[in-house]
Amino acid sequence: MSSCGLHCLKISNIGVQADGKTLLQDVSLHVHCGQLTAIIGRNGAGKSTLLKAILGEVSYTGSVEFSGHNGTPVQGGKPRIGYVPQALSIDCHTPASVYDMLLSLTGAYPAFFPKRRKMVEKFRTHLARFRAAELLDQPIGRLSGGELQRVLLAAATLPTPDLLVLDEPVSGVDHSGLAELYELLDALKEHEDMVILIVSHDLTYVREHADKVVLLDKTVQAFGTPEAVFATEAFHSAFMGGGAK
Ligand code: ADP
Ligand code: MG
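Rules of the game
- Residues numbered from 1 in each chain as written.
- Chains lettered and ligands numbered in written order.
- Predicted model: local features only at pLDDT ≥ 70, side-chain atom pairs only at ≥ 80, totals over all residues.
- Heavy atoms only, no water.
- Helix = DSSP H or I, 4+ residues; strand = E, 2+ residues; numbered from the N terminus.
- Expected span 1.5 Å × (residues − 1).
- Buried < 20%, exposed > 50% of the residue type's maximum accessible area, 1.4 Å probe, protein only.
- Arc of directions from axis to C-beta.
- Contact = heavy atoms within 4.5 Å.
- Near = heavy atom within 4 Å.
- Polar contact = N/O pair within 3.5 Å; in protein donor to acceptor, adjacent residues only side chain to side chain.
- Disulfide = S-S within 2.5 Å.

Novice: Help me out: how do you make sense of helix 3 (residues 117-128) in this one?
Specialist: Note on helix geometry: an α-helix contains 3.6 residues per turn, so any two residues three or four positions apart are oriented the same way. An ideal rise of 1.5 Å per residue puts 16 Å on 12 residues; helix 3 measures up with 16 Å between its terminal C-alpha atoms. Three or more residues of helix 3 are buried, namely Met 119, Val 120, Phe 123, His 126 and Leu 127. The arc that holds every buried residue of helix 3, seen down its axis, measures 140 degrees, which confines them to one face. In helix 3, the exposed residues that point more than 90 degrees away from the buried face are Arg 117, Lys 118 and Thr 125. Among the structural elements, helix 2 (98-106) and helix 4 (145-156) are those in contact with the buried residues of helix 3.

Quick look at the structure:
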């Protein structure tokens, strides 16, 4: 599917303060549907805080507006948002399975009822899109980092959101897991017209997969294609001295 080409997510002059500190200042961004937009920046730049503002998890000044396809407001005025967190603390002994997690996240029916075949089929078919069909009955505490990442992505896209927000894990997912994540995001981008926003720590994947890049350090330091942003002075001073975190 080709991009609808509209500014689907319009962030205007976002500011976030906490404990007398300015975490974000005057952040403005227009993000398009059908594109993968990566947020990069040094550790502590405010990347997670920006995601939390978009999700409404922290209070902020400024505005976050979302318009659906054709520039019209989405139904009910609120976009459906899928969120994949950076980390989850899961008790490795929990008996809850991937099925239980999908059931509780989608709120399909009370979890204490016996398993319904229709639901099992629905979840299995959806998980298959994320190469995770065989994980349906696995306890979530026993999944590898990469497996959990795929399951969380499946959970965040059931049903299809208008906006998919991901905070890429910094630990627990190896390179092949990350490569797989970006391949799955490419497939989502191709088949669904949603806004995909990811905080990324791996510049190689950003260069290869992102349509647009936001270099953040409290405010937007650079915005554009990976080539354009990677060529800026701000990018060099952010990443040449220290590592990307
Ligand atoms: P990033 O994701 O880019 O590493 P964060 O958005 O997590 O950065 O954090 C940005 C800065 O804000 C950090 O210096 C962090 O310590 C600080 N911070 C994050 N949340 C809070 C909070 N609730 N109160 C005070 N400071 C915070
Ligand atoms: Mg972060």
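Novice: What is the right way to look at the site of ligand 1 in this model?
Specialist: What surrounds ligand 1 is the set Ala 18, Asp 19, Lys 21, Leu 23, Arg 42, Asn 43, Gly 44, Ala 45, Gly 46, Lys 47, Ser 48 and Thr 49. Contact distances for ligand 1 include 2.5 Å between an oxygen atom and a side-chain N or O atom of Thr 49. Those elements giving two or more residues to the shell around ligand 1 turn out to be strand 2 (21-32) and helix 1 (47-55). With three residues, the single largest contributor to the shell around ligand 1 is helix 1.

Novice: Before we go on, may I ask you to explain the state of the cysteines in this structure?
Specialist: For the coordinates displayed, the defined rule picks out one disulfide. Disulfide partner of Cys 8: Cys 33, at an S-S distance of 1.9 Å. Measuring handedness by torsion sign, the sulfur bridge of Cys 8 and Cys 33 sits at about -110 degrees and is left-handed. Of this pair, Cys 8 sits in strand 1 (residues 7-18) while Cys 33 sits in the loop between strand 2 and strand 3 (36-40), and the two are 25 residues apart along the sequence. An identical accessibility class is assigned to Cys 8 and Cys 33; each is buried.

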